[in-house]
Amino acid sequence: MTSRSHTIIDIAATCACGSVTMRIAGPALSMFMCSCLDCQRATGTGHSTAVLVPLGALSITGEIKSFGSPSDSGAVFTRHFCPGCGNPLFGASSRAPDVRMVSVGFFAGHNDWYAPNQLIFARSHRQWDMIADELPWHETYREKRIS
């Protein structure tokens, strides 16, 4: 599986009710899947699919709502969604204020650019949730590389 991290994305879509438009215009810093319990609750399935983008690459028009809660890292993770239809939009962590974790499914039908390069929080992965065997799995966050 080829990683497409740092791919330049220029795409916009609207939520199911048409109240919110979200656009990414910039680089994908990372593309990944997350099997943490919070992502399972938020998506209603076994994992989330996300692209990490710089804050400045994301623009939103329309009213959005948010909900924040403590995450396993100790940071507060805030999920943003459309208040009309509930479509997930993006997440923001207090430990990384300059990036946004965008829900790839929001761009359904126009997200062929997405190529996940890892699964994080594999410790809570469910057997019934099929993930490609060749994808690197990390028990929690990916280990940081020391340069």
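Reading the values: rules and limits
Residues numbered from 1 in each chain as written. Predicted model: local features only at pLDDT ≥ 70, side-chain atom pairs only at ≥ 80, totals over all residues. Heavy atoms only, no water. Core = buried A, V, L, I, M, F, W, Y, C linked by side-chain atoms within 4.5 Å. Buried < 20%, exposed > 50% of the residue type's maximum accessible area, 1.4 Å probe, protein only. Helix = DSSP H or I, 4+ residues; strand = E, 2+ residues; numbered from the N terminus. Pairing = 2+ DSSP bridges. Phe/Tyr/Trp six-rings, centres within 6.5 Å; stacked < 30°, edge-to-face > 60°. Contact = heavy atoms within 4.5 Å.

Enquirer: Provide a residue-level description of the nonpolar core, including the pertinent values.
Expert: M22, I24, V51, V102, F107 and W113 are the most contacted members of the largest nonpolar core, which totals 27 residues. Of all elements in the fold, only β1 (8-14), β2 (21-27), β3 (30-34), β4 (48-54) and β8 (88-93) reach the threshold of two or more residues within this core. With three residues, β1 is the single largest residue contributor to this core.

Enquirer: Pulling in residues and values, what's your account of the pairing of strand β7 (residues 76-81)?
Expert: The pairing of strand β6 (residues 65-70) with β7 spans six bridges and is classified as antiparallel. Across the sheet, residue S69 finds its bridge partner in β7, namely F77. In this sheet, β8 lies alongside β7 in antiparallel orientation, the contact comprising five bridges. If you follow F77 over to β8, its bridge partner there is S93. Once β7 ends, the chain turns through six residues before running back antiparallel as β8, passing G86 with a positive phi of about 85 degrees.

Enquirer: Could you give an account of the packing of aromatic side chains, with specific residues and numbers?
Expert: According to the stated counting rule, one finds two aromatic pairs in the structure shown. Arranged with centres 5.4 Å apart and planes meeting at 80 degrees, the rings of F106 and F107 form a pair that is edge-to-face. Comparing F106 with F107, the two get one shared label, buried. Pairing W113 with Y114 gives two aromatic rings, centres 6.4 Å apart and planes at 85 degrees, and the pair type is edge-to-face. Across the pair, Y114 and W113 agree in class, each one buried.

Enquirer: Tell me about the pairing of β4, residues and numbers included.
Expert: Direction of pairing for β3 relative to β4: antiparallel, over a ladder of five bridges. For M31, the partnering residue across the bridge sits in β4 and is V51. Here β4 pairs with strand β9 (residues 99-103) via five bridges, running antiparallel. By the bridge assignment for β9, V53 is matched with R100.

Enquirer: Give a detailed account of the side chain of S124, specifying residues and quantitative values.
Expert: Along the polypeptide, S124 turns up in the segment after β10 (119-120). According to the relative accessible area criterion, S124 is buried, its value standing at 9%. Once residues lying within four places of it in the same chain are set aside, the contact partners of S124 are S35, C36, L37 and Q40.

Everything listed here is a matter of geometry and, on its own, says nothing about what the molecule does.
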